[in-house]
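# Chain and residue survey
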Amino acid sequence: MAKETYDLGIRKIDNLGRIVLPKEIREALGLLENSNLKITLKDEVIILEKTEPPCEKCGR
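These numbers come from a predicted model, not from an experiment. (Residues numbered from 1 in each chain as written. Predicted model: local features only at pLDDT ≥ 70, side-chain atom pairs only at ≥ 80, totals over all residues. Heavy atoms only, no water.)

## Re the overall build of the protein
Scanning the protein for helices and strands turns up one helix and two strands. Going from N to C terminus, the protein has its helices and strands arranged as α-β-β. The C-alpha atoms of the protein give 14 Å as radius of gyration, which overshoots the globular expectation for 60 residues (10 Å, by more than 25%). Each of the three principal axes of the protein carries a C-alpha extent, and together these read 40 × 25 × 25 Å. Counting all 60 residues of the protein, 3% fall into the buried class. Put simply, of all contacts in the protein between residues at least 6 apart along the chain, 8% involve residues at least 24 apart. A total accessible area of about 6100 Å² is found for the protein, and carbon and sulfur atoms account for 52% of it. (Helix = DSSP H or I, 4+ residues; strand = E, 2+ residues; numbered from the N terminus. Rg over C-alpha atoms; globule rule 2.2 N^0.38 Å. Buried < 20%, exposed > 50% of the residue type's maximum accessible area, 1.4 Å probe, protein only. Contact = heavy atoms within 4.5 Å. Areas by Shrake-Rupley, 256 points an atom, 1.4 Å probe, with all protein chains shown as cover.)

## Focus: the pairing of strand 2 (residues 45–51)
Of the strand pairs in this sheet, strand 1 (residues 36–42) and strand 2 are connected by seven bridges, and their pairing is antiparallel. The residue bridging Thr40 from the neighbouring strand is Ile47, located in strand 2. What sits between strand 1 and strand 2 in their antiparallel hairpin is a turn of two residues, with Asp43 showing a positive phi close to 55°. (Pairing = 2+ DSSP bridges.)

If you want it as structure tokens, here you go:
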């Protein structure tokens, strides 16, 4: 997990509901195209967590 804090300003949501994760964040977390992110909503905070794909055998 990245140990630094990145304040990269405000990002807009496009008409399809997408946002762009800045390159600095993707690089810090080792996120590549087709990487998996877990999305959690807690109160009014959206949490994105790097995760591995589920196991094809057990689904976890």
